[in-house]
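Spelled out, the chains give:
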Amino acid sequence: MTVFDHIEFHNHEQVLFCNDPSVGLKAIIAIHSTSLGPAAGGCRMFPYQNTEQALTDVLRLSRGMSHKNAMGGLPLGGGKSVIIADPSAPGKQKLLKAFTRFVQNLGGEYWTAIDIGTTQEDASFMHQHCDYVFALIDPSKNRHDPSWFTSLGGLVSIKAVVEHQFKTDNLKGIKIAIQGCGKTGAYLCELLHKEGAELLVSDVRESAMNVMVEKYGAIPVAPEDIYSVDADVFAPCAMGAILNEVTIDQLKFSAIAGLANNQLATLKDGERLGEKGILYAPDYIANAGGMLYASEDIFDSNEQERSIKRIHGLKDTLLNVFKEAELTGKSTQEIADEMAENIIHSGKRKTEDLSPV
């Protein structure tokens with residue numbers, strides 16, 4: 001099987017396999033589309049079991065970025081990269097430096113940032129060797145952690161599903177189960193607590209979960225039990241592909257809106273959720289807040305108010321998706337994919353489109 005035949009290929013424009021034996025770099029850069037503008041998406045470092053697993057991940061993530069940027073109204077295409085390595089092993093900076101050479105050679109067709117396994121310190125290091133790194137933190141320029149803005153988008157999305165299902169966006173007393181208490185999950189807990197929501201939290205790291213319990217009075221849930229708890233909304237904020245035939249059978253939630261990428265294992269799982277009457281907020285809309293803020297780096301701009309306005313606009317985007325899904329009988333994921341593809345296919349690459357919008 002070739003890359004072109006891969007089930008997740010979906011007409012990618014470029015898939016670049018990066019190899020530097022001098023430092024042991026093996027990486028993949030996937031550019032799904034540049035129809036709306038240069039491709040943008042983070043760099044994930046993960047010890048994949050094999051190249052096939054890494055390729056599947058980067059192709060799914062890249063296409064998701066195309067859809068995220070399109071639905072977020074950004075003049076950007078979608079791309080993603082993965083480095084096949086353990087981020088905790090020695091020699092990380094040598095790998096990142098070698099990786100940036102490949103990004104630089106693309107001449108701005110692809111902009112990279114952080115993802116799982118890469119940190120803000122890594123982004124700053126990559127920026128020393130590459131012009132095409134975004135989502136940088138620089139307090140002197142009023143550039144802050146994009147993770148908080150990702151979580152703000154999560155809050156907006158949870159309000160959207162609650163409004164659709166319960167006819168109110170008041171979260172007081174709404175029970176929300178959060179899977180993953182990392183940076184974005186923790187920020188989301190903080191925002192939801194301020195809104196008066198009742199929190200149930202789960203994380204494979206007991207220490208991270210306990211912080212949420214102590215700070216916000218959250219109820220701790222064992223990782224294996226999070227799918228079957230009684231709550232109104234489920235917010236997956238950890239790894240992807242967690243909504244599948246096995247887990248969906250356990251769900252008792254009315255709605256799902258979380259920050260993890262690629263939450264559905266397959267498109268069929270979106271249909272399964274609909275059949276159970278569970279409203280699903282497509283992840284690349286729900287987690288778009290960080291991108292809407294961080295992309296200002298690409299345009300050499302610092303319009304934070306504009307970013308926040310766009311993030312709050314995600315609510316109307318989701319409500320439109322939910323309405324269309326009801327009218328057509330299709331899953332919300334299928335409707336969102338169709339909307340995103342229509343935007344991408346109607347786009348024309350023009351230099352004036354690359355200015356801030």
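In this report, we go over the structure that sits alongside the text.

A few points about unusual backbone geometry
Most of the time, phi is negative for any residue but glycine, and the peptide bond is trans.
Here comes step 1: Despite not being glycine, A241 shows a phi value in the positive range, around 60°.
Here comes step 2: Structurally, the position occupied by A241 is in the loop between strand 10 (233-236) and helix 7 (245-248).
Here comes step 3: Assessed through its relative accessible area of 33%, A241 is described here as partly exposed.
Here comes step 4: The backbone of N262 sits at a positive phi, close to 50°, despite the residue not being glycine.
Here comes step 5: With respect to the helices and strands, N262 occurs in the loop between strand 11 (255-256) and helix 8 (267-275).
Here comes step 6: Relative accessible area serves as the criterion here: at 15%, N262 is assigned to the buried category.

Quick look at the pairing of strand 5 (residues 77-84)
Here comes step 1: The element strand 5 is extensively covered by neighbouring structure, given that 7 of its 8 residues are classed as buried.
Here comes step 2: Bridge analysis of strand 2 (residues 25-33) against strand 5 gives 6 bridges, and the strand direction is antiparallel. Counted as the bridge partner of A27 is I83 from strand 5.
Here comes step 3: Looking at chain direction, strand 3 (residues 39-40) and strand 5 are connected through 2 bridges and run parallel. Across the sheet, A40 pairs through a bridge with G78, a residue of strand 5.
Here comes step 4: For strand 4 (residues 43-46) and strand 5, the ladder comprises 4 bridges, and the chain directions are parallel. When the bridges of strand 5 are listed, M45 appears paired with I83.
Here comes step 5: With helix 1 (residues 51-71) bridging strand 4 and its parallel neighbour strand 5, the resulting β-α-β unit is right-handed.

Considering the sheet that holds strand 11
Here comes step 1: Pairing in this open sheet of 6 strands is parallel, and the strands run 9-8-7-10-11-12 from one edge to the other. Two strands in the sheet have a free side with no partner beyond their single neighbour: strand 9 (219-220) and strand 12 (279-280).
Here comes step 2: Strand direction decides the pairing type here: strand 11 and strand 12, joined by 2 bridges, are parallel. Residue I256 lies in a different strand from strand 12, and its bridge partner there is Y280.

Notes on the pairing of strand 2
Here comes step 1: Counting buried residues along strand 2, 8 of its 9 residues qualify, which places the element largely inside the surrounding structure.
Here comes step 2: Bridge count for strand 1 (residues 14-20) against strand 2 is 7 bridges, and the pairing is antiparallel. Residue pairing across strands places V15 opposite A30, the latter belonging to strand 2.
Here comes step 3: The loop that links strand 1 with its antiparallel partner strand 2 comprises 4 residues; one of these, G24, has a positive phi angle of about 80°.

A few points about the nonpolar core
Here comes step 1: With 89 residues, the main nonpolar core has I158, I176 and L192 as its most contacted residues.
Here comes step 2: Element by element, the count of residues in this core is highest for helix 4 (residues 146-166), at 8 residues.
Here comes step 3: One finds L200, I226, V229 and F253 within the second-largest nonpolar core, a separate group that totals 18 residues.

Concerning helix 1
Here comes step 1: In this model helix 1 runs 30 Å from its N-terminal to its C-terminal C-alpha over 21 residues, within 8% of the 30 Å that 1.5 Å per residue would give.
Here comes step 2: For helix 1, the buried fraction is high: 15 of the 21 residues fall into the buried class.
Here comes step 3: N-cap assignment for helix 1: the residue whose side-chain oxygen lies 3.3 Å from the backbone N of E52 is N50.

Basis of the calculations
- Residues numbered from 1 in each chain as written.
- Predicted model: local features only at pLDDT ≥ 70, side-chain atom pairs only at ≥ 80, totals over all residues.
- Heavy atoms only, no water.
- Helix = DSSP H or I, 4+ residues; strand = E, 2+ residues; numbered from the N terminus.
- Buried < 20%, exposed > 50% of the residue type's maximum accessible area, 1.4 Å probe, protein only.
- Pairing = 2+ DSSP bridges.
- Right-handed = clockwise from strand over helix to strand, strands pointing away.
- Core = buried A, V, L, I, M, F, W, Y, C linked by side-chain atoms within 4.5 Å.
- Expected span 1.5 Å × (residues − 1).
- Polar contact = N/O pair within 3.5 Å; in protein donor to acceptor, adjacent residues only side chain to side chain.

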